[in-house]
Amino acid sequence: MNDPVQAPLTPSQQSLVEKFRGRQPLALSRCISLVENHRPGFESVLEELHDGVGSARRVGITGPPGAGKSTLTAAIARTYRDRGLTVGIIAVDPSSPFTGGALLGDRVRMDDLATTEGIFIRSMASRGSHGGLAAATREAADLLDAFGFDRILLETVGVGQSELEVASSADSTLVVLVPESGDGIQAMKAGLMEVADLFAVNKADRPGADRLKKEIEVVLALRTGSASSHVPGHHGVDLSSIAAGRTPDITADHGSVTGAKESRSAGEWAVPVLKCVASTGEGVLEIAAGLDNHFARLESSGRLETNRREQAMEHARLVLERSVGRRAMDAWNVWLDATGRDPAVGRRSPYAISREVYGSLWPESASSAD
Ligand SMILES: Nc1nc2c(ncn2[C@@H]2O[C@H](COP(=O)(O)OP(=O)(O)O)[C@@H](O)[C@H]2O)c(=O)[nH]1
Ligand SMILES: [Mg+2]
């Protein structure tokens, strides 16, 4: 059965880790694949490399599909590269334009190993299992961090619950919206207001950017107002719908993904709303500067340390959940092989079966389970 003690590295994993430490891009790529596909021993490799984690700054980039996240991610990466910084990018999107390889020019393609430019891009498919996406992207980002990238950008495909978890697992969360299609309303619905440390109003070359910027600012101001008053927070629902000039049903349940962002950012951080045109690079320097400011605020307020500790705890919880689940499935398969084909099994309740398997999982706890 699974031993809770971390398995030692196989000789080939040992050599992979050595090449990783020697900063060979191919080793980085192979480590990410190992982790992404949960191949045997992937946690041992992560543990082995864990010492190197912690110096990169992480930015989550989220927003509705088509808002220009990939374009903006590439543009931000370019500004970092111009400053001599190295950048690792994870695009959680199987259909990401990165797969076409066009965004950063022909030199840098998805999964390209051309780190000569100081940029490494990796696209990851979203996983179905509960909590799987957050853990998988976290671990891939840890590898980029341990490899030595200065900045890590995590782009999500949309704004579902697990994607917001991914975006807000970074140090700073950038939310990208566009003037068309009533994105301001969408933002309040999807809980984006809660996770944003900075808003980018992209496609400012199109009409309506100023209006959207103002809309977001009004809602942010109302939220701040309600946060500093002594009135229970639920009335924010009405305020945000008034701000949007819509009927009050739209934000009936804008549940927070990560808890109050106010406390995550701390230090009275005023969330900036910045216009940009990602496709031309206009306004992108300001966004990069805004992210720098946010990080500086996190550091000076002590919030960086607290956030990272909380994120590490959440990661540990996910790893535990994953280990227990794996062990349970091992026991399940053993039980199924031994007993599953017995016709009498169909007459037993699922609860009794589950209890029996559970008992084989932790034999010492079987007697006290009932
Ligand atoms: N007009 C205009 N188009 C843009 C801008 N930024 C991105 N786009 C285009 O919008 C489309 C979607 O961009 P993409 O980065 O793939 O969006 P994502 O789905 O959020 O990652 C692409 O055709 C981009 O070229 C912008 O600032 N202005
Ligand atoms: Mg994209």
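To keep things clear, this report deals only with the structure shown in the data block.

Conventions used here
Residues numbered from 1 in each chain as written. Chains lettered and ligands numbered in written order. Predicted model: local features only at pLDDT ≥ 70, side-chain atom pairs only at ≥ 80, totals over all residues. Heavy atoms only, no water. Core = buried A, V, L, I, M, F, W, Y, C linked by side-chain atoms within 4.5 Å. Buried < 20%, exposed > 50% of the residue type's maximum accessible area, 1.4 Å probe, protein only. Helix = DSSP H or I, 4+ residues; strand = E, 2+ residues; numbered from the N terminus. 1 Å grid on protein atoms, 1.4 Å probe; cavity = no way out; pocket = protein on both sides within 12 Å on 5 of 7 lines; lining within 4 Å. Points joined across faces, edges and corners; volume = space filled by probe spheres on them. Nonpolar A, V, L, I, M, F, W, Y, C, P; charged D, E, K, R; others polar. Expected span 1.5 Å × (residues − 1). Contact = heavy atoms within 4.5 Å. Pairing = 2+ DSSP bridges. Axes fitted to C-alpha atoms, helices over the stretch in contact; angles between N-to-C directions.

**Here's the deal with the nonpolar core**
Nonpolar side chains tend to gather and get buried jointly when the protein is soluble and globular.
Working step 1: Judged by nonpolar contacts, the single largest core of 31 residues is most densely connected at Phe20, Leu28, Ile90, Leu143 and Leu144.
Working step 2: Breaking this core down by element, the ones donating at least two residues are helix H1 (11-21), helix H2 (25-36), helix H3 (42-49), strand S2 (87-92), strand S3 (119-124), helix H5 (132-147) and strand S4 (151-156).
Working step 3: With 7 residues, H5 is the largest single contributor of residues to this core.
Working step 4: Judged by nonpolar contacts, the second largest core, of 25 residues, contains Val59, Ala75, Val87 and Ala278.

**Notes on empty space enclosed by the protein**
Working step 1: For the coordinates displayed, the defined rule picks out 4 cavities of 30 Å³ or more.
Working step 2: Approximately 50 Å³ is the volume attributed to the largest cavity.
Working step 3: Along the walls of the largest cavity sit Arg57, Arg58, Val59, Tyr80, Arg151, Ser172, Leu291, Asp292 and Phe295, which together make up its complete lining.
Working step 4: Put simply, the parts of the chain that give the lining of the largest cavity at least two residues each are strand S1 (57-62) and helix H12 (284-301).
Working step 5: Broken down by class, the residue content of the lining of the largest cavity amounts to 4 nonpolar, 1 polar and 4 charged.

**What to know about helix H14 (residues 350-361)**
Working step 1: Relative to the 16 Å expected for 12 residues at 1.5 Å per residue, H14 spans 16 Å between its end C-alpha atoms, a close match to the ideal helical length.
Working step 2: Turning to H14, its buried residues number three or more, namely Ile353, Val357, Gly359 and Leu361.
Working step 3: Elements that come into contact with the buried residues of H14 comprise helix H13 (303-339).

**Examining the pairing of strand S5 (residues 172-177)**
Working step 1: Of all 6 residues that make up S5, 6 are buried, and the element is covered over most of its length.
Working step 2: Because side chains alternate across S5, one face comprises the buried residues Ser172, Leu174 and Val176, and the other comprises Thr173, Val175 and Leu177, equally buried.
Working step 3: Pairing between S1 and S5: 4 bridges, direction parallel. Bridging from a neighbouring strand, Gly60 pairs with Thr173 of S5.
Working step 4: Taken together, the 4 bridges between S5 and strand S6 (residues 198-201) define a ladder with parallel strand orientation. Looking across to S6, one finds that Leu177 is bridged to Val201.

**A few points about the sheet that holds S1**
Working step 1: With parallel pairing, the 7 strands of this open sheet are ordered in space as S3-S2-S4-S1-S5-S6-S7. At either end of the open sheet lies a strand with only one pairing partner, and these are S3 and strand S7 (273-275). Each neighbouring strand pair of the sheet contributes to a mean axis angle of 20 degrees, computed without reference to strand direction.
Working step 2: Examined bridge by bridge, S2 and S3 share 6 bridges and lie parallel to one another. Across the sheet, the residue bridging to Val92 is Met124, located in S3.
Working step 3: Packed on one face of the sheet, H5 meets S1, S2, S3 and S4 and runs near 165 degrees to S2.
Working step 4: H12 rests against S1, S4, S5, S6 and S7 of the sheet, and its axis sits at about 150 degrees to S5.

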